[in-house]
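Chain by chain, the residues run as shown.
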Amino acid sequence: MAEEKNCCPKFKTTCGGQALIEGIMMRGPSTEAIVVRKPDGELEVKVEELKLVKTRHPWLGLPFLRGPVNFVDSMVHGVKALMYSAEFYPEDEETPEEPSKLDAWMEKHLGSEAAMNVVVTLSVILGLGFSILLFFVLPTLITGLLTRLIDHRLVLSLIEGVVRMAIFFCYIILMSKIKDMKRVFRYHGAEHQTIFCYESGLPLTVENVRKMPRHHPRCGTSFLFVIMAVAIVIHAVLGVGWDNTWLRLGVRLLSLPLIVSITYEINRFVGRHDNWLTKLLTAPGLWLQNWTTAEPDDSMIEVGIRALSEVLPEEEGADAW
């Protein structure tokens, strides 16, 4: 699209977001906003001050330590926001679901807030576990079947990386085919377009946002792709354990924090620079966004505008990357 090629952001903001069920979460330098379009068409707005881990423990904000910490923190906030948005859209609106015995027990003995924290923690653990199983354990086991045919660790590491990428691509494409996810991906597009509009220095109006591209170089999809690419390099360097499946799996799991750390620093580098190298690094992630984003309608754009407006700092430029 010509409009996308001509769009040149004037600056890069630290603001970022996540698509929800009929809504968008935006995070600014100091606040987080969740905006959901309720079934009656009205907007539900929830704004909270951010409580960052590095504020309490500054050493966790140091390079190569902050990556895993911020990754887990983002997952926790993302799960909370997703669960909050889901409350407005129960699966069966005519017959509200009664709380399960486990939910009732936890709320009685732990309190509603503590019970929610338990649910969120379990959701994050299960989400991470599923991702590790699908994108790391499974490719390692599949490639392990080739050890009798191929006796070259570097080649095996590269094959494992290709298998991991293939699983990741198939997962993304299959997710884009699910009916409910299609609307989430349209909100994802609205989130990107709204941020692009703000970075371009234009007023946040539906008309201006609609002209913006929906592929953003600092998207979480790009981050996940870079994790896969960095894993290929790290696993090739740590090319041990091909003679023992459990040792190989152990090395893969223990290397995950290092992979996330390196990927996070690459993401920050990309966020601060705009040159041929950063364009090369972000190109695959932008291509993947053909499946993880879709064109939003005006009502979705309105949600993105409201969410971003709630987290912008009062002092101009305070959110510059």
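Scroll up to find the structure this text is about.
Analysis parameters
Residues numbered from 1 in each chain as written. Predicted model: local features only at pLDDT ≥ 70, side-chain atom pairs only at ≥ 80, totals over all residues. Heavy atoms only, no water. Helix = DSSP H or I, 4+ residues; strand = E, 2+ residues; numbered from the N terminus. Buried < 20%, exposed > 50% of the residue type's maximum accessible area, 1.4 Å probe, protein only. Polar contact = N/O pair within 3.5 Å; in protein donor to acceptor, adjacent residues only side chain to side chain. Contact = heavy atoms within 4.5 Å. Salt bridge = Lys/Arg side-chain N within 4 Å of Asp/Glu carboxyl O. Expected span 1.5 Å × (residues − 1). Pairing = 2+ DSSP bridges.

Visitor: Help me understand the side chain of Arg 27, please; the structure alone is not making it clear to me.
Guide: Among the secondary structure elements, Arg 27 is positioned in strand 2 (residues 23-27). By relative accessible area, Arg 27 is classed as buried at 15%. Within the local environment of Arg 27, its side chain forms a polar contact with the side chain of Asp 73, the two groups lying 3.3 Å apart. In contact with Arg 27, other than residues within four places in its own chain, are Thr 14, Cys 15, Gly 16, Glu 32, Leu 50, Leu 52, Asp 73, Ser 74, His 77 and Val 311.

Visitor: How do you make sense of the environment of Ile 227 when you look at a structure like this?
Guide: In this fold, Ile 227 is placed in helix 9 (residues 220-237). For Ile 227, the contacting residues outside a window of four places in its chain are Phe 136, Ile 259, Val 260 and Thr 263.

Visitor: In this structure, what is going on with the pattern of salt bridges? I would like to understand it.
Guide: Proximity of charged atoms lets side chains of opposite charge pair with each other. The full count for this structure, using the stated rule, is 14 salt bridges. The salt bridge partner of Glu 44 is Lys 38, with a shortest N-O separation of 3.5 Å. On the accessibility criterion, Glu 44 (24% relative accessible area) is partly exposed. For Glu 265, the salt bridge identified is with Arg 66, shortest N-O distance 2.7 Å. Pair noted here: Glu 265 is in helix 11 (residues 256-272) and Arg 66 is in helix 3 (residues 66-86), with a separation of 199 residues, a long-range link. By relative accessible area, which is 15% here, Glu 265 ends up buried.

Visitor: I would appreciate a short explanation of helix 11 in the present structure.
Guide: Given 3.6 residues per turn, any residue in an α-helix points the same way as the ones three and four places further on. Spanning 17 residues, helix 11 covers 25 Å between terminal C-alpha atoms, matching the ideal 24 Å at 1.5 Å per step. Here helix 11 has its buried residues at Leu 256, Ile 259, Val 260, Ser 261, Thr 263, Tyr 264, Glu 265, Asn 267, Val 270 and Gly 271.

Visitor: I tried to follow unusual backbone geometry on my own but got confused; where do I start?
Guide: Residues apart from glycine generally show negative phi values, whereas peptide bonds are mostly found in trans. The backbone phi angle of Glu 22 is positive, close to 55 degrees, even though this residue is not glycine. Inspection of the secondary structure assignment puts Glu 22 in the loop between strand 1 (16-20) and strand 2. The residue Phe 64 is not glycine, and still its phi comes out positive at about 70 degrees. Topologically, Phe 64 is positioned in the loop between helix 2 (53-56) and helix 3.

Visitor: Can you help me understand the pairing of strand 2 in this one?
Guide: With five of five residues buried, strand 2 lies mostly within the body of the structure. Examined bridge by bridge, strand 1 and strand 2 share five bridges and lie antiparallel to one another. If you follow Gly 17 over to strand 2, its bridge partner there is Met 26. Between strand 1 and strand 2, which pair antiparallel in sequence order, lie two residues; one of them, Glu 22, sits at a positive phi of approximately 55 degrees. Here strand 2 runs beside strand 3 (residues 31-37); their pairing, made up of five bridges, is antiparallel. In the strand pairing of strand 3, Arg 27 is matched with Glu 32.

The values are spatial; any link to function lies outside them.
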